[in-house]
Amino acid sequence: MATMYHEEDADLSIIQGRKVAIIGYGSQGHAHALNLRDSGVDVRVGLKEGSPSRAKAEGEGLRVTSVAEAVKEANVIMILAPDHLQRHIYAESILPNLEKGDALFFGHGFNIRFGYIKPSADVDVCMVAPKGPGHLVRREYFECLHELKLIVDLMYEGGIAKQRWSVSDTAEFGDYVSGPRVIDPHVKENMKAVLADIQSGAFAKRFVDDLESGAKEFTALRAKGEAHPIETVGRELRKMFSWMKNTNKDDYKEGSAARG
């Protein structure tokens, strides 16, 4: 069983006693840096010379240094540069300045999992991976079903392009090369078959016949859907949404029972 921690379980004094370096100031970097700063943590941002992100970070009141200087100063180093650049930044500016007992944090396991970065045994390696696009980490994080809202919100604000802009280069590349493997020509053919059933009246007949004979299929399908693990997990997760404490998050169930 996994141990679940809540906001009230967090001991901020642990991180407030550390010096933190945020390496990178993109989608995730800016959110981590500002959230930590707002929580009273000693934060500095490490950026390469000439980085266009320097003005943005300084504009938020953050101190910006070179990556090497940030690592020298800090004992917690959060690496949030793009995945494909991390190994180069690590070799050139992070590794030479690490000290025994430092902690390397990552927002994504890519470079550790696939061996592009291999830290020595005398530093700790941890992952803090918010489940959501970086530009929404300053608002709230969801998981699985509930992350869908964050994705759709970004599309509503700025189209698919903004959604892709708000995720890592790794995730964006995965979108381009993996999406067509899921949504392929078969999906279009299946949708045509569904449309044909609607146009021919086959769907209407199946629906009306089932309802008039006691709705056995409809009731069974509804029960199957409500028993899906995503619903079970969702009910527990919504209890943790502090912004929804004063609402009945699952009042639809009463209506569902009444309809049945």
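This one's a predicted model, so the numbers in the text were calculated from it and none came from an experiment.

Caption draft 1: View of the overall build of the chain. Along the chain, the regular secondary structure elements total 13 helices and six strands. A total of 260 residues make up the chain; the buried ones form 28% of that total. Per element, the accessible surface of the chain, about 17,000 Å² overall, is 58% carbon and sulfur.

Caption draft 2: The environment of Ile151, seen in detail. Its location among the elements puts Ile151 in helix H7 (residues 147-165). When its relative accessible area of 22% is taken as the criterion, Ile151 is described as partly exposed. In this structure, the C-alpha to C-alpha distance between Ile151 and Arg164, residues 13 residues apart in sequence, is 9.5 Å.

Caption draft 3: Molecular detail of the sheet that holds strand S6 (residues 124-127). Strand order in the open sheet formed by six strands is S3-S2-S1-S4-S5-S6, with parallel pairing between adjacent strands. Looking at the sheet topology across the chains shown, the edges are occupied by strand S3 (63-65) and S6. Averaged over all pairs of adjacent strands, the angle between their axes in this sheet comes to 25°, without regard to strand direction. Here strand S1 (residues 19-23) runs beside strand S2 (residues 42-46); their pairing, made up of five bridges, is parallel. Counterpart to Val20 in the pairing with S2 is Val43. Lying over the sheet, helix H2 (residues 27-38) contacts S1, S2 and strand S4 (76-79), oriented at roughly 160° with respect to S1.

Caption draft 4: Region of interest: the pattern of salt bridges. Here the structure, examined in full by the defined rule, presents eleven salt bridges. Note that Glu73 and Arg44 form a salt bridge whose closest N and O atoms lie 2.8 Å from each other. Taken together, the residues span a long stretch of sequence, with Glu73 in helix H4 (residues 67-73) and Arg44 in strand S2 at a distance of 29 residues. We classify Glu73 as partly exposed; its relative accessible area is 24%. In this structure, Lys205 and Asp209 form a salt bridge, with 2.7 Å as the shortest nitrogen-oxygen distance. Here Lys205 and its partner Asp209 are both found in helix H10 (residues 202-212), four residues apart, which amounts to about one turn of the helix.

Caption draft 5: Region of interest: the packing of aromatic side chains. Tallied over the full model, the rule gives four aromatic pairs. Each ring, one from Phe203 and one from Phe207, has its centre 6.4 Å from the other, and the planes form 5°; the classification is stacked. Residue Phe203 and its partner Phe207 are both found in helix H10; the two are separated by four residues, about one turn of the helix. With relative accessibility at 42%, the residue Phe207 sits in the partly exposed group. Three or more aromatic residues joined by ring pairs make a cluster, and in this case those are Phe110, Phe114 and Tyr116. Positioned above the aromatic ring of Phe114, the side-chain terminus of Arg113 is 5.0 Å from the ring centre. The lysine or arginine in question, Arg222, covers the ring of Phe218, its NZ or CZ lying 4.8 Å from the ring centre.

Caption draft 6: Here's a closer look at a nonpolar patch on the surface. On the surface, Val194, Leu195, Ile198, Phe203, Phe207, Val208, Leu211 and Phe218 cluster together into a nonpolar patch covering about 720 Å² of accessible area. Every element with two or more residues in the nonpolar patch is listed here: helix H9 (185-200) and H10. The leading source of residues in the nonpolar patch is H10, at four residues. Within the fold, Leu195 resides in helix H9.

Caption draft 7: Spatial organisation of unusual backbone geometry. A positive phi angle, close to 55°, is found at Ala215, a residue other than glycine. For Ala215, the position within the fold is in the loop between H10 and helix H11 (216-226).

Caption draft 8: The arrangement of the nonpolar core in detail. Residues Ile22, Tyr25, Ala33, Val43, Val45 and Leu62 are the most contacted members of the largest nonpolar core, which totals 17 residues. Elements represented by at least two residues in this core include exactly S1, H2, S2, S4 and strand S5 (103-106). If we skip the residues at most four places from it in the chain, Leu62 touches Tyr25, Ala33, Leu34, Arg37, Val43, Val45 and Ala57. The next biggest cluster of nonpolar side chains, apart from the first, holds 15 residues, and it includes Ile79, Phe106, Ile117 and Val123.

Criteria and thresholds
Residues numbered from 1 in each chain as written. Predicted model: local features only at pLDDT ≥ 70, side-chain atom pairs only at ≥ 80, totals over all residues. Heavy atoms only, no water. Helix = DSSP H or I, 4+ residues; strand = E, 2+ residues; numbered from the N terminus. Buried < 20%, exposed > 50% of the residue type's maximum accessible area, 1.4 Å probe, protein only. Areas by Shrake-Rupley, 256 points an atom, 1.4 Å probe, with all protein chains shown as cover. Pairing = 2+ DSSP bridges. Axes fitted to C-alpha atoms, helices over the stretch in contact; angles between N-to-C directions. Contact = heavy atoms within 4.5 Å. Salt bridge = Lys/Arg side-chain N within 4 Å of Asp/Glu carboxyl O. Phe/Tyr/Trp six-rings, centres within 6.5 Å; stacked < 30°, edge-to-face > 60°. Lys NZ or Arg CZ within 6 Å of the ring centre and 35° of its normal. Patch = residues over 30% accessible without salt bridge, like charges linked within 9 Å, V, L, I, M, F, W, Y side chains within 5 Å. Core = buried A, V, L, I, M, F, W, Y, C linked by side-chain atoms within 4.5 Å.

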